[in-house]
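Descriptive analysis of the structure
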Amino acid sequence: MAELKDFAEQLVNLTVKEVNELATILKDEYGIEPAAAAVAVAGPAAAGEDAADEQTEFDVILKAAGSSKLAVVKLVKELTGLGLKEAKGIVDSAPAAVKEGISKDEAEGLKKSLEEAGAEVELK
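In this text the structure is predicted, and so the values were computed from the model without any measurement. Here the residue numbers are simple positions, counted from 1 along each chain's written sequence. Predicted model: local features are reported for residues with pLDDT of at least 70 only, side-chain atom pairs are reported and counted for 80 or more only, and whole-chain, interface and lining totals are derived from all residues. To get the side-chain values, take all heavy atoms of the structure and skip hydrogens and water.

Moving on to helix α2 (residues 16-30). Along its 15 residues, α2 runs 20 Å from first to last C-alpha, staying within 8% of the 21 Å computed at 1.5 Å per residue. Burial in α2 covers these residues: V19, A23 and L26. The arc enclosing the buried residues of α2, seen along the axis, measures out at 65 degrees, which places them on a common side. Structural note: α2 exposes K17, D28 and E29 on the side pointing more than 90 degrees away from its buried face. Note on conventions: DSSP H or I runs of at least 4 residues are helices, E runs of at least 2 residues are strands, and numbering of each starts at the N terminus. One fewer than the residue count of a helix, multiplied by 1.5 Å, yields its expected span. The classification of residues rests on relative accessible area computed with a 1.4 Å probe and restricted to protein chains. Under 20% of the type maximum is buried, over 50% is exposed, and intermediate values are partly exposed. This arc is taken over the directions from the axis of the helix to the C-beta atoms.

Given below as structure tokens:
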């Protein structure tokens, strides 16, 4: 049991870069999709932050798909674990929430990925 607690603590303290590396390993070596890995390692706010002063939960809002709509739909599908139809629905109904109530690191990672695909994204 103590080993599992230690493992869980290691997971929640991973950086965004480490989460991306872990997702790649899980996908390449074990066939586990990265969207599931990203959700599993959403960590808490760093120790010492005052919750009243610092926002701890963020929403990733897709404002516009941009010129590469198909790439954005595929990325939304991958990042959220939704089906193709549901992902397309989010992109078509922009502005729409891609993910809600997630950590700052995860939200920034999603924003960066979506912007690289050509989407216009906002964090709230």
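So, about the pattern of salt bridges. We define a salt bridge as a side-chain nitrogen of Lys or Arg found within 4 Å of a carboxyl oxygen belonging to Asp or Glu. What the rule picks out here adds up to six salt bridges. When the shortest N-O distance is used, the salt bridge between K63 and E120 registers 3.8 Å. With K63 in strand β1 (residues 58-64) and E120 in strand β3 (residues 120-123), this residue pair connects regions lying 57 residues apart in the sequence. For E120, a relative accessible area of 42% corresponds to the partly exposed category. Residues K88 and D92 are paired through a salt bridge, measuring 2.6 Å at the closest nitrogen-oxygen approach. Here D92 and K88 lie together in helix α5 (residues 84-92), a separation of four residues that amounts to about one turn.

Exposure above 30% relative accessible area and the absence of a salt bridge qualify a residue for a patch, where like charges join within 9 Å and nonpolar side chains (Val, Leu, Ile, Met, Phe, Trp, Tyr) within 5 Å. Only the protein chains shown count as covering a residue, and every accessible area follows the Shrake-Rupley method with a 1.4 Å probe. Side chains of I25, Y30 and I32 sit close together on the surface and give an oily, nonpolar patch of about 300 Å² of accessible area. Residue classification places I32 among the partly exposed positions, given a relative accessible area of 38%.

Whenever a helix is involved, its axis is fitted only over the stretch in contact; in every case the axis is a line through C-alpha atoms, and angles between N-to-C directions fall within 0 to 180 degrees. Orientation of helix α4 (residues 69-80) relative to helix α6 (residues 104-116), taken along the N-to-C sense of each, is 155 degrees, at an axis distance of 9 Å. Classed by the angle they form, the pair α4 and α6 counts as roughly antiparallel. Crossing handedness for the pair α4 and α6: right-handed. Packed against α4, whose contacting residues are V72, L75, V76 and L79, the element α6 presents L110, S113 and L114 at the interface. Split by residue class, the contact of α4 with α6 holds six nonpolar, one polar and no charged. If an angle is under 35 degrees, it is roughly parallel; if it is over 145, roughly antiparallel; if it lies from 65 to 115, roughly perpendicular; otherwise it is oblique. For any pair of crossing helices, the crossing counts as left-handed if the nearer helix is rotated counterclockwise from the farther one by less than a right angle, and right-handed if it is rotated clockwise. Two residues form a contact once any of their heavy atoms are found within 4.5 Å. Each residue is assigned to one of three groups, with Ala, Val, Leu, Ile, Met, Phe, Trp, Tyr, Cys and Pro labelled nonpolar, Asp, Glu, Lys and Arg labelled charged, and all others, Gly among them, labelled polar.

This paragraph deals with the nonpolar core. Core analysis: the biggest nonpolar cluster contains 21 residues, and V60, L62, V72, V76, V91, V98 and L114 have the highest contact counts within it. Looking at this core, the elements that each hand over two or more residues are β1, α4, α5, β2 (96-102) and α6. In terms of residues, this core owes the most to one element, α4, which gives five residues. Each residue touching V98, except ones within four places of it in the same chain, is listed here: V60, L62, V76, T80, I90 and L114. Buried Ala, Val, Leu, Ile, Met, Phe, Trp, Tyr and Cys residues form a nonpolar core when they are joined through side-chain atoms within 4.5 Å.

Its 13 residues place the ends of α6 18 Å apart at the C-alpha level, agreeing with the 18 Å of an ideal helix rising 1.5 Å per residue. The complete set of buried residues in α6 reads E106, A107, L110 and L114. Looking straight down α6, one finds its buried side chains confined to an arc of 100 degrees; they lie on one side. Exposed positions of α6 whose direction lies more than 90 degrees from the buried face are K112 and E116. Trailing α6 by a residue or two, G118 shows a phi angle of about 105 degrees, which is positive.

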